[in-house]
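# Per-entry structural report
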Amino acid sequence: MAGVPLDQRDGWIWFDGEMIPWKDTKVHVLTHALHYASSVFEGQRAYGGEIYKLREHSERLRRSAELLDFEIPYSAEEIDQACRDTLAKNNLVDAYMRPVAFRGSAELGLGAHNNPVHLAIAAWEWPSFLGADKLKGTRLALSEWRRPAPTSAPFASKAAGLYMICTLSKHAAEERGFADAMMLDYRGQIAEATGANVFFIKDGEIHTPTPDCFLDGITRRTVIGLARDMGYKVTERVIMPDELGDFDECFLTGSAAEVVPVAEIEGNIFEGREICKKMMEAYSAEVQPKKEAAE
Ligand code: PMP
């Protein structure tokens, strides 16, 4: 499917309770979400036909909407079922899924209480990969754009509006030959990459920024749990950019990205892969569908 524009593909998208042919899932240009970013979304993966941590993603989607002052007219159970139905209808087993909830086009005032809320769920094939190439690691620039203060934006919401800064950061990094950007927060502390959380390793211990103004990712929490189960000390703390040169290893986590080694952040080179590789393997084992105990 490479090269086919995303809106020209075949398949089915769940839209407000119905399965609609992929190419027909349209919204009007006067959609509130398009003008004012009244939109929240999720990103989750299915492995072997099962959607990993589906309930957590569905609950976060509802919570993200509440933080933007709107309610998704479906329960977490209903969203779970809609996600499973979307996967099945498209005959997908290993896939990426994108639920998105947004205010519609009944009116365009900023006050939006009377604007209906829509929910759509798309899924497409996007196999994860483990291998030598991935171990090479990605290169990040330090972004000029900063994560806003909690008083400026609802940081715990996976809100479309917050991704404006991410696209600007990523473009600026790409123009300078980097793959992605490491973002600082409003205080100048290390925060996260444009779509993934960050971890560092020094002397066999794991350090990660405290998520007090950026998304506390589901993968982030999973990896912290796995690492602690494996006996590693994990510390959530303030990490300043001038510490970057001290770390032996660095990796990113996210539902789409999974666990990805970082080779460089703006001239600071991370050569080690030992713990990173262990976390990649532990995560890829963790996401496999759980066999029933009786089997
Ligand atoms: N930060 C940002 C900005 C993201 O977009 C994502 C991806 N959802 C993450 C972190 C990682 O979150 P998760 O592990 O829940 O996918």
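Residues numbered from 1 in each chain as written. Predicted model: local features only at pLDDT ≥ 70, side-chain atom pairs only at ≥ 80, totals over all residues.

## Here's the deal with the site of the ligand
Near the ligand, the surroundings consist of 14 residues, among which G217, I218, T219, G254 and S255 are the closest. The element best represented in the shell around the ligand is helix α6 (residues 218–229), accounting for 3 residues. Across the shell around the ligand, the residue classes break down as 3 nonpolar, 8 polar and 3 charged. (Near = placed C-beta within 6 Å. Helix = DSSP H or I, 4+ residues; strand = E, 2+ residues; numbered from the N terminus. Nonpolar A, V, L, I, M, F, W, Y, C, P; charged D, E, K, R; others polar.)

## Concerning the domain arrangement of the protein chain
By domain assignment, the protein chain separates into domain 1 (10–125) and domain 2 (132–286). A separation of 26 Å is found between the C-alpha centroids of domain 1 and domain 2. Every contact between the two is made by 16 residues of domain 1 and, on the other side, 10 residues of domain 2. For the side of domain 1 that touches domain 2, the elements supplying multiple residues, two or more each, are β3 (39–41), β4 (44–47) and α2 (54–67). Here the side of domain 1 that touches domain 2 takes 5 residues from α2, the largest share from any one element. Of the residues belonging to the side of domain 1 that touches domain 2, the class tally is 6 nonpolar, 5 polar and 5 charged. (Domains from an automatic or database assignment. Contact = placed C-beta atoms within 7 Å.)

## Some words on the pairing of strand β12 (residues 205–209)
Burial runs high along β12: 4 of the 5 residues are buried. Alignment of strand β11 (residues 197–202) against β12, held across 3 bridges, turns out to be antiparallel. Residue pairing across strands places F200 opposite H207, the latter belonging to β12. What sits between the antiparallel neighbours β11 and β12 is a turn of 2 residues, in which D203 has the positive phi angle 50°. Across 4 bridges, β12 lies against strand β13 (residues 234–237) in parallel orientation. Paired with T208 across the two strands is E236, which belongs to β13. Crossover handedness for the path β12 to α6 to β13: right-handed. (Buried ≥ 20, exposed ≤ 12 C-beta atoms within 10 Å, placed from the backbone. Pairing = 2+ DSSP bridges. Right-handed = clockwise from strand over helix to strand, strands pointing away.)

## Re the environment of D246
Tracing the backbone shows D246 in the loop between β13 and β14 (249–254). A C-alpha to C-alpha distance of 16 Å links D246 and C276, two positions 30 residues apart in sequence.

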